[in-house]
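Topology and contacts: notes
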Number of protein chains: 2
Amino acid sequence: MVRHVRTVLQEVNRLLTGLNCGKVLETIALPESATALSMEHGFDLQAFCFHADKEVLREPRVVRVGLIQNSIALPTTAHFIDQKKAIFEKVKPIVDAAGSSGVNILCLQEFWMMPFGFSTREKKWCEFAEPVDGESTEFLRSFALKYNMVIISPILERDMNHGEIIWNTAVVIGNHGNIIGIHRKNHVTRVGDFTESTYYMEGNTGHPVFETEFGKIAINICYGRHHPLNCLTFGLNGAEIVFNPCATVGGLTEAMWPIEARYAAITNSYFVAAINRVGTEIFPNPFTSGDGKPAHTDLGYFYGSSYVSAPDASCTPSLSRNSDGLLITDMDLNLCRQFKDKWCFRMTARYELYAETLAKYVKPDFEPQVIRDPLLHKRSS
Amino acid sequence: MVRHVRTVLQEVNRLLTGLNCGKVLETIALPESATALSMEHGFDLQAFCFHADKEVLREPRVVRVGLIQNSIALPTTAHFIDQKKAIFEKVKPIVDAAGSSGVNILCLQEFWMMPFGFSTREKKWCEFAEPVDGESTEFLRSFALKYNMVIISPILERDMNHGEIIWNTAVVIGNHGNIIGIHRKNHVTRVGDFTESTYYMEGNTGHPVFETEFGKIAINICYGRHHPLNCLTFGLNGAEIVFNPCATVGGLTEAMWPIEARYAAITNSYFVAAINRVGTEIFPNPFTSGDGKPAHTDLGYFYGSSYVSAPDASCTPSLSRNSDGLLITDMDLNLCRQFKDKWCFRMTARYELYAETLAKYVKPDFEPQVIRDPLLHKRSS
């Protein structure tokens, strides 16, 4: 009977990580220094490997990617400086574990350097905002240099040169500690009564792809994952890995979470690395959510579950819903072109047709292509 | 211990149909006449229900949708007339079960009236092609009239008025037996060495939405599900249900199957009904697949697994991989607008930006937006 349960559980595992994800990925052995850090500091550490076919003319281009998910470190009532410092302290050993595991490109979660205070509608959380070369960038630059690691740092940005306005920005720090560039979130969350558009507006940086020593990468921040045209355009610009740092809660998006990164990876022939923060964040002043329910002091439960998805429809298991964690993934970027060649999605995409359609659609006098059943008309008259 | 196994299996069920699909849907009780037909003719019969919130100004608009998946009925070596007749005979009780269950809109699988001979590269299978008002339409019209049911019939079309060319076409038969219109597949499958483009070319019917008595529907045939712009455009034209009749085999697409319909439903705020045929079809003459492997006589296993996905990220369980089946789903179409209002995907989509980007992209001199790490240049020089 015990054997029977074991068989059932193996079948569950096959269904959940095998059939649904295309294949079961190999795990990677990590250095003891990394596992020791994960034990000592209590964060989850998982590592998997995507393969590509061997090619004749190109060497494999294996890149080691790291994703960090974490909860905040102090109550939101603590002094803002202490909160930020405590997050830095918490994240440090995880970044060290990534560095000592030989990670080439590391990405943190959306607004990793602060609590997610935007549901409160209070303006005081803007105090966490920093210029692109602010203290979060300074903090991470040292690790980028030390470990020869590209680091993507999604922050709340204050644009000092343009009237001190606020942006939702990812800073791309090169493996020599230089700032390669920034990307500002293209689509601003508006769900139910919740909008971040009183804090920051739609990004003005387009869909940049950053050419780094380890591959061509792009950043699609949070809500942008719901927008197929946004995902598409990073692909058109040549992205091989799209990082999707998020802050999103159970109940709202958890049923979509296993879908969106995978669809983007499949249809755009690139890898997608999806990251979400962890835990419940309690704020001092209650707020309502336009749903008729009593005021509350939290937005919901940030469910972690960071994972990586590949062009061939395979994906890693997710990190846990509850723990800080580091997900390490080896990926041979050659898979992107191999999948393009095999599936021909770009060649068959008929972009001319859609360029024309969208140009018509955005005009106020656009008329949808509708074929009405003529008998419907007779019947209702 | 038996109880323990049961608990494990319940957990499996929760994970597979609950957590992953947003929620577990209610089942619908069907009339005895329908279940009797399913018992007698050995096809699977499942029925589920999607709900929407009650509105003040609109009544619920509950539509009952049916999907049919099936294997062919005779060997591909049988006389073509006998093959087609046998499929008609096989499908008849399933259509009757749909009709007697009060289905409002019924959709059959891609090329339901013939074996999927396109992997053979032989031209003789074109003999199965019919004009839009051919015998398959005639056959289904009687059921449309009898049951007051819209029927979508995906056929191999021969266009007698345009040089007898072949199309991959869905005929929309109105609930009064009239032909409301047709849609021709927009994106033609090219995967590995396999292309259907020696049989038919890219469709010239745009992205029509058919306004029927039971709602606004569109048809996205097979490979079109991999194309986000295609899915999007049916939505821009106002589709509330997009039917996705397919013929696709395990190994090739099974890992993508649970992803694509759901993403399209979520991001476009419509229902997606995905249908796939069943079984292995053996052809008389062996053919190769450009993969260096020996010649074979089948394309692979058509894995059924038809299902319906909703804008709120919930979905029905799939029909089986192995049996003919009828999936019946009640859906309140009010959910589409409710989800649009809640999630604001269209309002936040910035179509102007993408109309501009695509217009640039389709020009031969398009240059991708790439930000190169300046230190990368120094390093490699």
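Nothing here was measured: the structure is a model prediction, and the numbers come from that model.

1. Thoughts on the interface of chain B and chain A
As a measure of interface size, the accessible area lost when the parts come together is often cited. Chain B puts 90 residues into the contact, and the matching count from chain A is 90 residues. One can count two salt bridges joining chain B with chain A. Of the charged contacts in the structure, one is a salt bridge between glutamate 211 of chain B and arginine 372 of chain A, with a shortest N-O distance of 3.5 Å. Taken together, the connections running from chain B to chain A amount to 42 residue pairs in polar contact (both at pLDDT 80 or more).

2. Some remarks on the nonpolar core
Within the largest apolar cluster, 122 residues are counted, with the highest numbers of intra-cluster contacts made by Ile105, Ile241 and Phe243 of chain A together with Ile105 and Phe243 of chain B. If sequence neighbours within four positions are ignored, isoleucine 241 of chain A has contacts with Val63, Val65, Ile105, Lys216, Ile217, Ala218, Tyr270, Phe271, Met331 and Leu333 of chain A. Core analysis: the next-biggest nonpolar cluster, separate from the first, contains 56 residues, Ile68, Val103, Tyr147 and Phe287 of chain A among them.

3. Examining the packing of aromatic side chains
All names here are of chain A. Across all of its chains, the model carries 49 aromatic pairs over all chains by this definition. Both rings, one in phenylalanine 139 and one in phenylalanine 143, keep their centres 5.2 Å apart while their planes meet at 70 degrees; by these two values the pair is edge-to-face. Linking phenylalanine 139 with phenylalanine 143, this pair stays in helix H4 (residues 135-147), spanning four residues, or about one helical turn. The buried category is assigned to phenylalanine 139, whose relative accessible area is 16%. In this structure phenylalanine 143 comes out as buried when scored by relative accessible area, which is 6%. The structure contains a cluster of three or more aromatic residues connected by ring pairs, namely Phe111, Phe116, Phe118, Phe194, Tyr199, Tyr200 and Phe302. A cation over a ring is seen here: arginine 277 above phenylalanine 302, with NZ or CZ 5.7 Å from the ring centre.

4. Topic: the pattern of salt bridges
All names here are of chain A. Within the structure shown, the criterion is met by 40 salt bridges over all chains. With a shortest N-O distance of 2.7 Å, glutamate 240 and arginine 61 are connected by a salt bridge. Taken together, the residues span a long stretch of sequence, with glutamate 240 in the loop between helix H5 (228-236) and strand S12 (241-246) and arginine 61 in the loop between strand S2 (44-50) and strand S3 (62-69) at a distance of 179 residues. On the accessibility criterion, glutamate 240 (12% relative accessible area) is buried.

5. Considerations on the UniProt feature "domain: CN hydrolase" (unreviewed entry) in chain A
Following the UniProt record, the feature "domain: CN hydrolase" (unreviewed entry) maps to residues 63-333 of chain A here. Here residues 63-333 of chain A is 20% helix and 28% strand, with 7 Å between the C-alpha atoms at its ends.

6. Section: the relation of the copies chain B and chain A
Overlaying chain B on chain A yields an RMSD of 0.0 Å, the required transformation being a rotation through 180 degrees with an accompanying axial translation of 0.0 Å. Both chain copies can therefore be described as sitting about a two-fold axis. By residue overlap, the copies meet face to face through one surface: 100% of the interface positions of chain B are interface positions in chain A.

7. Some words on the sheet that holds strand S13 (residues 271-276) of chain B
The strand order across the open sheet built from six strands is S18(A)-S10(B)-S11(B)-S12(B)-S13(B)-S16(B), with neighbouring strands paired in mixed fashion. The open sheet terminates on both sides in strands that have one partner only, identified here as strand S18 (370-372) of chain A together with strand S16 (307-309) of chain B. Here the strands of the sheet are splayed against their neighbours by 25 degrees on average, with no regard to which way each runs. In the sheet, S18 of chain A pairs with strand S10 (residues 209-212) of chain B via three bridges, with the strands oriented parallel. Looking across to S10 of chain B, one finds that arginine 372 of chain A is bridged to glutamate 211 of chain B.

8. A look at the side chain of glutamate 122 of chain A
All names here are of chain A. Looking at where glutamate 122 falls in the secondary structure, it is placed in the loop between strand S4 (105-107) and H4. Among the polar contacts listed, one links the side chain of glutamate 122 to the side chain of asparagine 285, at a separation of 2.8 Å. Those residues within four positions of glutamate 122 in sequence are excluded, and the remaining contacts are Tyr199 and Asn285.

9. What to know about the layout of surface pockets
There is about 1,000 Å³ of room inside the second largest pocket. What lines the second largest pocket is a set of 38 residues, among which Lys342 and Trp343 of chain A together with Val191, Gly251 and Leu252 of chain B lie closest to the centre. Among the elements of the structure, helix H1 (2-19) and helix H7 (334-343) of chain A are those that each provide at least two residues to the lining of the second largest pocket. In terms of residue count, H7 of chain A provides more of the lining of the second largest pocket than any other element does, six residues in total. In terms of residue class, the lining of the second largest pocket is made up of 14 nonpolar, 13 polar and 11 charged.

10. Things to note about the packing of helix H3 (residues 80-100) of chain A against H4 of chain A
Packed helix pairs are specified by the crossing angle of their axes together with the interaxial distance, meaning the distance between the axes. All names here are of chain A. Running from amino to carboxyl end, H3 crosses H4 at an angle of 20 degrees, the nearest separation of the two axes being 11 Å. Judged by the inter-axis angle, H3 sits roughly parallel to H4. Two packed elements cross with a definite hand, and for H3 against H4 that hand is right-handed. Here Lys84, Phe88, Lys92, Val95, Asp96, Gly99 and Ser100 of H3 lie close against H4, whose contacting residues are Glu135, Ser136, Phe139, Phe143, Lys146 and Tyr147. For the contact of H3 with H4, the class distribution of residues is five nonpolar, three polar and five charged.

11. Overview of unusual backbone geometry
Residues and elements named next belong to chain A. One non-glycine residue, cysteine 222, lies in the positive phi region at around 40 degrees. The topology assignment puts cysteine 222 in the loop between strand S11 (215-219) and H5. Its identity as a non-glycine residue notwithstanding, serine 269 has a phi of 55 degrees, on the positive side. Within the secondary structure, serine 269 is located in the loop between helix H6 (257-268) and strand S13 (271-276). Relative accessible area serves as the criterion here: at 2%, serine 269 is assigned to the buried category.

12. Looking at the state of the cysteines
All names here are of chain B. Throughout the structure, instances matching the rule amount to zero disulfides over all chains. Cysteine cysteine 222 remains unbridged, with the sulfur of cysteine 246 as its closest cysteine sulfur at 4.3 Å. Since its relative accessible area comes to 5%, cysteine 222 is described here as buried. Here cysteine 336 stays unpaired: no disulfide links it, and the sulfur of cysteine 49, its closest cysteine neighbor, is 14 Å away. With relative accessibility at 3%, the residue cysteine 336 sits in the buried group.

13. Examining the sheet that holds strand S6 (residues 165-173) of chain A
Residue and element names in this part refer to chain A. The eight strands lie next to each other as S1-S2-S17-S3-S4-S5-S6-S7, forming an open sheet whose pairing is mixed. Of all strands in the sheet, those bounded by a partner on one side alone are strand S1 (26-27) and strand S7 (179-184). Bridge count between S1 and S2: two bridges; the pairing is antiparallel. Within the sheet, the bridge partner assigned to glutamate 26 lies in S2 and is cysteine 49.

14. What about H3 of chain A?
All names here are of chain A. For H3, which comprises 21 residues, the first-to-last C-alpha distance of 30 Å matches the rise-based estimate of 30 Å (1.5 Å per residue) to within 8%. A bend of about 30 degrees at valine 91 is the largest found in H3, and the proline proline 93 appears one to four places after it. Backbone geometry just after H3 places glycine 102 at a positive phi near 80 degrees.

15. Notes on the pairing of strand S5 (residues 150-159) of chain B
Residues and elements named next belong to chain B. Here S5 lies mainly inside the structure; nine of its 10 residues are buried. Note that strand S4 (residues 105-107) and S5 share three bridges and pair parallel. Among the inter-strand pairings, isoleucine 105 is bridged to a residue of S5, identified as valine 150. For the segment spanning S4, helix H4 (residues 135-147) and S5, crossover handedness is right-handed. In the sheet, S5 pairs with strand S6 (residues 165-173) via nine bridges, with the strands oriented antiparallel. Note on S6: the bridge partner recorded for proline 154 is alanine 170.

Criteria and thresholds
- Residues numbered from 1 in each chain as written.
- Chains lettered and ligands numbered in written order.
- Predicted model: local features only at pLDDT ≥ 70, side-chain atom pairs only at ≥ 80, totals over all residues.
- Heavy atoms only, no water.
- Contact = heavy atoms within 4.5 Å.
- Salt bridge = Lys/Arg side-chain N within 4 Å of Asp/Glu carboxyl O.
- Polar contact = N/O pair within 3.5 Å; in protein donor to acceptor, adjacent residues only side chain to side chain.
- Core = buried A, V, L, I, M, F, W, Y, C linked by side-chain atoms within 4.5 Å.
- Buried < 20%, exposed > 50% of the residue type's maximum accessible area, 1.4 Å probe, protein only.
- Phe/Tyr/Trp six-rings, centres within 6.5 Å; stacked < 30°, edge-to-face > 60°.
- Helix = DSSP H or I, 4+ residues; strand = E, 2+ residues; numbered from the N terminus.
- Lys NZ or Arg CZ within 6 Å of the ring centre and 35° of its normal.
- UniProt positions renumbered as here; feature names shortened; annotations may be inferred.
- Least-squares fit on C-alpha atoms with pLDDT ≥ 70 in both.
- Pairing = 2+ DSSP bridges.
- Axes fitted to C-alpha atoms, helices over the stretch in contact; angles between N-to-C directions.
- 1 Å grid on protein atoms, 1.4 Å probe; cavity = no way out; pocket = protein on both sides within 12 Å on 5 of 7 lines; lining within 4 Å.
- Points joined across faces, edges and corners; volume = space filled by probe spheres on them.
- Nonpolar A, V, L, I, M, F, W, Y, C, P; charged D, E, K, R; others polar.
- Parallel < 35°, antiparallel > 145°, perpendicular 65-115°, else oblique.
- Left-handed = near helix turned anticlockwise from the far one by under 90°.
- Disulfide = S-S within 2.5 Å.
- Expected span 1.5 Å × (residues − 1).
- Bend = angle between axes of the 7 residues up to and from the residue.
- Right-handed = clockwise from strand over helix to strand, strands pointing away.

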